[in-house]
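Topology and contacts: notes
Next come the chains, spelled out residue by residue.
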Amino acid sequence: MKSRSKSLVFVVGLSLIIPATIVSTTAVAATKTTLTIDSWRTDDSKIWKEVIIPIYEKANPGVKVVWAPSPSNEYDSALSLRMKSKTAADIVMCRPYGLTKALIKDKHLTNLTGLPGLTNFTKQSMQSWADAKGVPFCVPSASVGAGFYYNKNIFKELKLTVPKTQAEFIAVLEKIKKNGKYTPLVATGTSADSWMLDQMGLQLVGPYYWKGDAGGVALDNGTRKVTDPEYVAAFEALASWKPYLPKAFSSVSYSDAEQLFILGRAAIAAEGSWSVKEMAPPGSNVGVFGAPVAKAGDKPYVQVLADHGFGINAASPNQAAAKKLLTWFTTKEFAQVYANSLPGFFPLSKDKISIDNKTAQAWLDLRDGAIVNAPIGMDKMNTGTPNWFSVTTNLLNVMMTTKMTAKQAAAELQKSLESWYPPQKKK
Amino acid sequence: MQSKTLARRRRRQLLLFTSPALAFFLLFAVFPLLSTIYISFYQEDVFVGLENFVFLFTNDEASERLLYAFLHNCQFFLIAASIQLPTALFMAALLTSGRVRRMTSFYRTLLFIPTTLSVVIVGFIWRLIISPLWGIVDYPLLGEKLTALPTITLMSVWQYMGIPMVFLYSALLSIPSNIIEAAQVDGASDLRIFFRIKIPLIAPQIGIITILTFIWTFNGFDIIYALNGGMPGPDYATDVLGTLFYRTFFGWGADLGNQNLGAATATVIFFIILLGTAVYFATVQRRLKASQL
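Note that this is a predicted model, so its numbers are computed, not measured.

Quick look at the overall build of chain B now. Each helix and strand counted, chain B has 12 helices and four strands in total. With the principal axes as the frame, chain B shows a C-alpha extent of 75 × 70 × 30 Å. Considering chain B as a whole, with its 293 residues, one finds that 33% of them fall into the buried category. Look at the contacts in chain B between residues 6 or more apart in sequence, and 67% of them connect residues 24 or more apart.

Okay, structure coming up:
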């Protein structure tokens, strides 16, 4: 009885295993190489699945590309955990600086030296995804810009002109406020979305005062402090928005701010080029202007934010196929499709790309004749605890929603840097 | 002799019947707990002893966050316990009093429904209701340091009111009716019966609910994360131990997680809850024995 039941178990077990192995071996023979892409751009899933991936798969029948994004706020930690446990996707979207530099350090990304097509990018645009020696680890894919959207209808109704200087900007805001019908300016007041006040606030208006990239380098080297006048002036320029923000500002979330503008209840919105689709849908009458210069005659600064690139997981078994896909990401064909499928994201390659979306083109036009600069603090001062980004966003949120002054905010930031960042430590 | 074999067999049976639950408990509760404590002594695979704990308690930034998270948890617990328990008791008493003549089960279900909703939905609905832009309140309750945490606590209280209510409801139902009738014959008023007979009889349940609220609030994370993310503001005003742990372990935004430091944070939280529960059981719960019938 006993031995019979044993053999029965064996037979049953065998009958389960054999078909399974047959199925799986045939499946392997029939399937193509599968490449998964991990990203934080969950919003773009439709475009990747319906536009971009089909183009590549059509040209490369042996490859199946799977788009598998993770939520933006969880992406960094999830990716670094997955890299450690060797379960990350074949191709990963690279954040500029911070996370990517950490992944490079731990040898989780494949060295892309010699990848055909990388010559198509300037050294500057490769910088945020390279190691200290300049060895590239990601293909740069998109940059974004920050600035203001304005409702042309409201401007016409109130007979306003697009402001060029900080003084004109405040005058325009004051006029809209006096009229009383519209909220002059929307930004984000909730703490969860406080990154906005950094990217589309301080980093937008600041370059005039700290003189672009030079101001960032001076902080990185410790030759200047955040409490020095040029940085405090930048904090003050942002704080000057306070009287013109929506009521109950501390509860206005990023989507609330967008809604206020889209519904025509606000005249100006501090925003980024990435929300062209939401902020300027077809049929709307929306324009774009850059950060107002400190005084008339100043050359405008324009922020070019490296937004994302693509790298290869060093532990992926499909290195060759992944490199081939990344090579395609460097081509003009890809840049053209990408820029037009995702208006507001601008390719970083040297190719001349035509953009159909007028508002997206207006964002690109802001760069004409302007001094291009990157946000400050995001590289070296972001590598320790408490990092620049977390401290700055929190302080800006407090400054904009409470009585904290620009001077106090700058002092707090300096104190936090002095607590750990070697070049800024008190000697 | 006879009794000895019987006892042995009994013990064997006992082991047999408890083993599935025991195995489950060991595998999914005890093992993760011990391994958490274990990795909290390491940093990047190197044994560092108590260094992680020393950092948590002595580093300016880290110790300040830990202290505030703990204080916020205390606030969370005190508000939740002082509102949830009396309200739940009141509702349960009302439902079992016989004053609500019709549709008691309908009300019971209605009061329990929020508990079954997803936290994300509860957070979203309440955020809209109290939004100064789209809702009915003209004050940024969630945006001000003073009101943010109490507001979130009340949302949580609203959502989970059903659980203590059902606990107390069933406890009240299980009170034998002859005791109540005897009291009525003796001429006791309804209020007197409630305070002098019913409450003492369900005191152990009230105690259990208090300690469960303590454990829930100190493990609390979901509603705060759903509303304010992993760096819960304004200016960390709604940061509790749960979110602090999440941020330390998994990271948030540009902050990358540190699993070992996170494990140390989790261990600290575990001991806080353990200590609180132990003190409570040693001092209060022992005295709350059900009155003998």
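Our next topic: the overall build of chain A. Across its full length, chain A carries 18 helices and 11 strands. Taking the principal axes of the C-alpha coordinates as reference, chain A spans close to 90 × 60 × 50 Å. The burial tally for chain A puts 47% of its 427 residues in the buried class. A separation of at least 24 residues holds for 76% of the contacts in chain A among residues at least 6 apart in sequence.

Below, the discussion takes up the interface of chain B and chain A. On the chain A side, the residues contacting the 25 residues of chain B number 28 residues. Mapped onto the side of chain B that touches chain A, the elements with two or more residues apiece are α3 (60-96), β3 (251-252) and β4 (255-256) of chain B.

To continue, consider helix α15 (residues 332-341) of chain A. All names here are of chain A. Considered for burial, the residues of α15 that qualify are F334, A335, Y338 and A339. End-on view of α15: buried residues confined to an arc of 120 degrees, all on one side of the axis. Tucked inside the fold, the buried residues of α15 contact α2 (45-59), β4 (138-144) and α14 (319-329).

The next thing to look at is the sheet that holds strand β2 (residues 63-67) of chain A. Residues and elements named next belong to chain A. Sheet architecture is open: five strands sit in the order β2-β1-β3-β10-β4, paired in mixed fashion. On the outer flanks of this sheet lie β2 and β4, each paired with one strand and no other. The sheet shows a mean angle of 20 degrees between the axes of neighbouring strands, taken without regard to direction. Judged from the two bridges that link them, strand β1 (residues 33-38) and strand β3 (residues 91-94) form a sheet pairing that is parallel. Looking across to β3, one finds that I37 is bridged to I91.

As a further point, take the nonpolar core. Grouped together as the largest cluster of nonpolar side chains are 125 residues, with contacts concentrated most on I91(A), L185(A), A187(A), A234(A), F235(A), L238(A) and A269(A). With eight residues, the single largest contributor to this core is helix α17 (residues 388-401) of chain A. One finds I152(B), V157(B), M161(B) and I224(B) within the second-largest nonpolar core, a separate group that totals 50 residues.

Attention now moves to the sheet that holds strand β5 (residues 146-151) of chain A. Residue and element names in this part refer to chain A. If you trace the four strands from one edge of the open sheet to the other, you get β6-β7-β5-β8, paired in mixed fashion. Of all strands in the sheet, those with a lone pairing partner are β6 (183-186) and β8 (286-289), marking the two edges. The average undirected angle you get between the axes of adjacent strands in this sheet is 20 degrees.

All names here are of chain B. It is at 9 Å that the axes of helix α2 (residues 51-58) and helix α12 (residues 259-283) come closest, and there the two elements cross at 70 degrees. Considering the angle they form, α2 stands roughly perpendicular to α12. Touching N52, F53, F55 and L56 of α2 are N260, L261, A264, T265 and V268, all from α12. For the contact of α2 with α12, the per-class residue count stands at six nonpolar, three polar and no charged.

Residues and elements named next belong to chain A. Per-residue confidence for chain A gives a mean pLDDT of 87; residues scoring 70 or more make up 93%. Of all secondary-structure elements in chain A, the lowest mean pLDDT belongs to helix α1 (residues 2-30), at 47, while β6 reaches the highest, 96. Below a pLDDT of 50 lies the segment residues 8-30, which in the model reaches zero contacts outside its immediate sequence neighbourhood of four places, other chains included.

The next point concerns the packing of helix α7 (residues 162-173) of chain B against helix α9 (residues 190-218) of chain B. Residue and element names in this part refer to chain B. Two elements in contact, α7 and α9, have axes separated by 10 Å at closest approach and are oriented at 150 degrees. With respect to their mutual orientation, α7 and α9 come out roughly antiparallel. Crossing geometry of α7 relative to α9 is assigned as right-handed. Judged by residue contacts, P164, F167, L168, A171 and L172 of α7 engage K198, I202, Q205 and I209 from α9.

Attention now goes to the environment of T153(B). Residue and element names in this part refer to chain B. Note on placement: T153 falls in helix α6 (residues 145-160). In this structure T153 comes out as buried when scored by C-beta crowding, with 24 C-beta atoms within 10 Å. Separated by 108 residues in sequence, T153 and D45 have C-alpha atoms that sit 39 Å apart. In this structure T153 touches F76, I79 and A80, once residues within four positions along its chain are discounted.

Spanning 37 residues, α3(B) covers 53 Å between terminal C-alpha atoms, matching the ideal 54 Å at 1.5 Å per step. G98(B) lies just past α3(B) and shows a positive phi near 90 degrees.

As a further point, take the confidence of the model for chain B. Put simply, chain B has an average pLDDT of 90, and 97% of its residues get 70 or more. Per-element mean pLDDT across chain B ranges from 77 in β4(B) up to 94 in α6(B).

Another aspect to go through is the pairing of β3(A). Where β3(A) and strand β10 (residues 305-312) of chain A come together, four bridges link them in antiparallel fashion. Note on β10(A): the bridge partner recorded for I91(A) is I312(A).

All names here are of chain B. As for its placement among the helices and strands, V54 is situated in helix α2. Take V54: there are 12 C-beta atoms within 10 Å of it, and that puts it in the exposed class. In this structure the C-alpha to C-alpha distance between V54 and A264, which are 210 residues apart in sequence, comes to 9.9 Å.

Our focus in this paragraph is unusual backbone geometry. Non-glycine residue K159(A) carries a positive phi angle of around 55 degrees. A tally of 7 C-beta atoms within 10 Å means that K159(A) is categorised as exposed. The backbone of Y236(B) shows a phi angle near 65 degrees, a positive value even though the residue is not glycine. Considering the arrangement of structural elements, one finds Y236(B) in the loop between α10 (222-228) and α11 (241-250). Here Y236(B) falls in the buried class, since 20 other C-beta atoms lie within 10 Å of it.

What counts, and at which threshold
Residues numbered from 1 in each chain as written. Chains lettered and ligands numbered in written order. Predicted model: local features only at pLDDT ≥ 70, side-chain atom pairs only at ≥ 80, totals over all residues. Helix = DSSP H or I, 4+ residues; strand = E, 2+ residues; numbered from the N terminus. Buried ≥ 20, exposed ≤ 12 C-beta atoms within 10 Å, placed from the backbone. Contact = placed C-beta atoms within 7 Å. Arc of directions from axis to C-beta. Pairing = 2+ DSSP bridges. Axes fitted to C-alpha atoms, helices over the stretch in contact; angles between N-to-C directions. Core = buried A, V, L, I, M, F, W, Y, C linked by C-beta atoms within 7 Å. Parallel < 35°, antiparallel > 145°, perpendicular 65-115°, else oblique. Nonpolar A, V, L, I, M, F, W, Y, C, P; charged D, E, K, R; others polar. pLDDT = per-residue confidence, 0-100. Left-handed = near helix turned anticlockwise from the far one by under 90°. Expected span 1.5 Å × (residues − 1).

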